[in-house]
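Residues per chain, in single letters:
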Amino acid sequence: MEPAFIVAAFAGGLAALALRLPPMVGFLAAGFALNALGYGLTPALGTAADLGVTLLLFGIGLKLDVRSLLRREVWGTATVHMLASTLLIAVFVGALKFTGLSLLQGTGWPTLLLLGFALSFSSTVFAVKVLEARSESGSLYGRLAIGVLVMQDVFAVVFLSASSGAYPSPWALLLFLLLPAAPVLRHLLDRIGRGEMQVLFGVAAALVAGYALFDLVGLKGDLGALVLGLLLAPSANAAPLAKSLLSVKELLLVGFFLSIGLTALPTGESLLAALLLLLVVPLKSVLFAALFLRSRLRYRTSLLAGMTLGNFSEFGLIVGALAASQGWLSDEWLVVLALAVALSFTASAPLNTAGESVYRASAPWLGRYERSDLLERDRPIDISGARAVILGMGRVGRGAYDRLAEAHTIPAVGVEHDPATVAGLRRQGYRVVEGDATDSDFWERLSLAPAMELIVLAMPNQRGNLAALDQLRGKDCRARIAGVVNHEDEIVQLREQGADAVFHLYGEAGRALVDDALIRPGT
């Protein structure tokens, strides 16, 4: 790979950080700068970009519950939005003919609808990066946005297959054998442990069993990576695998953002056309928010999901490239689409960073459109009668819950983010609600009564405990807060953030072991 690519990417990312923008904006700018200096897209950079997107989709699959795609608010919203936005954007682009832009002259409805379809997609890469930057990938609005994006990916695969005339091979039916093979793959993932073997397993699953296998039978390889991720998602080691691949994926995605800038060099007219197309982005967000509200979701969930999806997608470039190869679009439109995608990222990034501020400002009037019959998973969380809240219902959390009930007769409620764990604990008689304590939306839905006496931070990682403490300070909580840490140096962090009592998990276990042994009769 050209050394200039690495230097430019680093400089662009550094400049973006200095301007309080996501590094991806700097990477895009670096790509256009390199293009202006005469550099072009190299095979090595193109390969890195493709691998980055493939691993990104594999990682999404590892974290996604396929049942979420079957919910009406996901597939229904994705379908209606795709149809409505295609038509609206086509009409908007057609109206731009009156601006006198030469590339629009003689443009018929087939071309307008094709452009509308290409611009109706939202960017999976951008949305995932924004959600990860805000640590809200597991939030309800984040899961909704990802679900819609996956549905859009399915629509794109169908279009690309049909338009190119490359229909799947009859051998594609053998891919259904991956379903009975999935338990074997999950067992293998659980057996190999952590470290380099886990990373190698993930790369092999994404690129060989996923991408290469699907590509071999005439299906889009990226879809194969996503499917393999979905099949491995039920494994206990799916989340650690996604974390292990994170650094590799992040590095390769730099190549993806550079490649967008290297696609073509803009002209004055193409830049003007791309800027005019940016006017469509707010319309996409508003339409998404309206559809989510119609699906009985809260206005906060609807607004933030709509903002996350308010951009153009790299799939627009793929659709445009295919259309150009078929003679349906001119090459100049590819330049416009590339600029529109890049500019939408630049415009949407600061808006998503200020998402909470936008929500606060719009709440007085947007709240009027919220339905009274909200979906159960987006209603205010009822913990009435509880005098203790336990965040994290693992072994430590369950132990704290049992101790409160048996020794102190204090009614408690547990909070757990995994739906399957919540269902299992409820069957055992625990009072548990589903929620992610690192998600600000969870705290928006939770009301802590003045009678609340104790909050226990029993989550397995320090980041979650610190995020919960930060939210509790904003709610003016008066209950005592106790936390459990795995490392001694984390004790000071929790105390500085306002925890009243902090216990070192292994240190306390050792002390309890010795005390119990010495007080036994006969010692």
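Quick note: structure is the one above.
Owing to the predicted nature of the structure, the values given are computational and were not obtained by experimental measurement.

Cut-off values and rules
- Residues numbered from 1 in each chain as written.
- Predicted model: local features only at pLDDT ≥ 70, side-chain atom pairs only at ≥ 80, totals over all residues.
- Heavy atoms only, no water.
- Helix = DSSP H or I, 4+ residues; strand = E, 2+ residues; numbered from the N terminus.
- Rg over C-alpha atoms; globule rule 2.2 N^0.38 Å.
- Contact = heavy atoms within 4.5 Å.
- Areas by Shrake-Rupley, 256 points an atom, 1.4 Å probe, with all protein chains shown as cover.
- Lys, Arg positive; Asp, Glu negative; His and termini not counted.
- Charge placed at Lys NZ, Arg CZ, Asp CG, Glu CD.
- Expected span 1.5 Å × (residues − 1).
- Buried < 20%, exposed > 50% of the residue type's maximum accessible area, 1.4 Å probe, protein only.
- Phe/Tyr/Trp six-rings, centres within 6.5 Å; stacked < 30°, edge-to-face > 60°.
- Lys NZ or Arg CZ within 6 Å of the ring centre and 35° of its normal.
- Axes fitted to C-alpha atoms, helices over the stretch in contact; angles between N-to-C directions.
- Parallel < 35°, antiparallel > 145°, perpendicular 65-115°, else oblique.
- Left-handed = near helix turned anticlockwise from the far one by under 90°.
- Salt bridge = Lys/Arg side-chain N within 4 Å of Asp/Glu carboxyl O.
- Patch = residues over 30% accessible without salt bridge, like charges linked within 9 Å, V, L, I, M, F, W, Y side chains within 5 Å.
- Pairing = 2+ DSSP bridges.
- Right-handed = clockwise from strand over helix to strand, strands pointing away.

Trainee: Please clarify how the overall build of the protein chain should be interpreted in this entry.
Mentor: Helix and strand counts for the protein chain stand at 24 helices and 6 strands. Over its C-alpha atoms the protein chain spans a radius of gyration of 25 Å, differing by no more than 12% from the 24 Å that the globule rule assigns to 523 residues. If you take every contact in the protein chain between residues at least 6 apart in sequence, the share linking residues at least 24 apart comes to 76%. Accessible surface computed for the protein chain: about 24,600 Å², of which carbon and sulfur atoms make up 64%. Placing the 41 positive and 42 negative side-chain charges of the protein chain at their respective mean positions leaves the two points 6 Å apart.

Trainee: Help me understand helix α5 (residues 109-120), please; the structure alone is not making it clear to me.
Mentor: Turn by turn, an α-helix covers 3.6 residues, leaving residues three or four places apart pointing in a common direction. Counted at 1.5 Å a residue, the expected span for α5 with its 12 residues is 16 Å, and the 16 Å between its end C-alpha atoms agrees. Taken across its 12 residues, α5 has 9 buried, putting it largely inside the fold.

Trainee: In this structure, what is going on with the side chain of S302? I would like to understand it.
Mentor: Counting through the fold element by element, S302 comes out in helix α15 (residues 299-308). Discounting chain neighbours no more than four positions away, the residues touching S302 are A289, F292, L293 and L297.

Trainee: I tried to follow the environment of V203 on my own but got confused; where do I start?
Mentor: Within the fold, V203 resides in helix α9 (residues 196-216). If we ignore the near neighbours within four places in the chain, the residues touching V203 are V208 and L245.

Trainee: Before we go on, may I ask you to explain the packing of aromatic side chains in this structure?
Mentor: The relative placement of two aromatic rings is captured by the distance of their centres and the angle of their planes. Taken as a whole and judged by the stated rule, the model has 9 aromatic pairs. Here F5 and Y39 contribute two aromatic rings whose centre-to-centre distance is 5.9 Å and whose plane-to-plane angle is 65°, an arrangement assigned as edge-to-face. Separated by 34 residues along the polypeptide, F5 in helix α1 (residues 3-18) and Y39 in the loop between α2 (23-36) and α3 (43-63) bring together distant segments of the chain. For F5, a relative accessible area of 1% puts it in the buried group. Within the aromatic cluster, the residues linked to one another by ring pairs are F27, F126, F256, F257 and F345. Above the plane of the ring of Y359 lies R300, whose end atom (NZ or CZ) is 5.5 Å from the centre.

Trainee: Explain the packing of helix α4 (residues 72-95) against α5 here, please?
Mentor: Packed helices, taken two at a time, are described by the angle between their axes plus the distance between the axes. For the pair α4 and α5, the least separation of the axes is 7 Å and the interaxial angle reads 125°. Accordingly, the angle class assigned to the pair α4 and α5 is oblique. Crossing of α4 against α5: the hand is right-handed. The segment α4 lies against α5, with H81, M82, S85, T86, I89, A90, V91, V93 and G94 engaging W109, L112, L113, L115, G116, F117, L119 and S120.

Trainee: When you look at the pattern of salt bridges in this model, what are you seeing that I'm missing?
Mentor: Note that side chains of opposite charge can pair when their charged atoms are close. Summed over all chains, the structure comprises 4 salt bridges. Among the salt bridges present, the one from D378 reaches R298, with a minimum N-O distance of 3.1 Å. Of this pair, D378 sits in the loop between α18 (355-366) and β1 (388-391) while R298 is found in the loop between α14 (280-294) and α15, placing the two residues 80 residues apart along the sequence. Summarising the burial analysis for this pair, D378 and R298 share the class buried.

Trainee: So what exactly am I meant to see when it comes to a nonpolar patch on the surface here?
Mentor: A contiguous nonpolar surface patch, about 390 Å² in accessible area, is contributed by L87, V91, W109 and L113. Broken down by secondary-structure element, the contributors of at least two residues to the nonpolar patch are α4 and α5. Within the secondary structure layout, W109 lies in helix α5.

Trainee: Is there a simple way to think about unusual backbone geometry in this case?
Mentor: With glycine set apart, most residues show a phi of negative sign, and most peptide bonds adopt trans. Positive phi, normally seen in glycine, also occurs at R296, with a value near 70°. With respect to the helices, strands and loops of the structure, R296 is situated in the loop between α14 and α15. Residue classification places R296 among the partly exposed residues on the basis of a relative accessible area of 22%. Phi angles above zero are rare outside glycine, and T409 is one such case at about 45°. Examined against the element boundaries, T409 turns out to sit in the loop between α19 (395-407) and β2 (412-416).

Trainee: Help me out: how do you make sense of the pairing of β2 in this one?
Mentor: Side-chain direction in a regular strand flips from residue to residue, so the side chains alternate between the two faces of the sheet. Counting buried residues in β2 gives 5 out of 5 residues, a clear majority hidden from the surface. Burial of β2 is two-sided: the residues A412, G414 and E416 facing one way and the residues V413 and V415 facing the other way are all buried. The sheet contact formed by β1 and β2 spans 4 bridges and is parallel. The residue bridging I390 from the neighbouring strand is G414, located in β2. Strand direction decides the pairing type here: β2 and strand β3 (residues 432-434), joined by 3 bridges, are parallel. Paired with V415 across the two strands is V433, which belongs to β3. In terms of handedness, the path from β2 via helix α20 (residues 419-427) over to β3 forms a crossover that is right-handed.

Trainee: Honestly, the environment of T263 in this entry has me stumped. Any pointers?
Mentor: Relative to the helices and strands, T263 is located in the loop between α12 (246-261) and α13 (268-277). When the C-alpha positions of T263 and V335 are compared, they lie 7.4 Å apart, and in sequence the two are 72 residues distant. Residues in contact with T263, not counting those within four places in the same chain, are N35 and A338.

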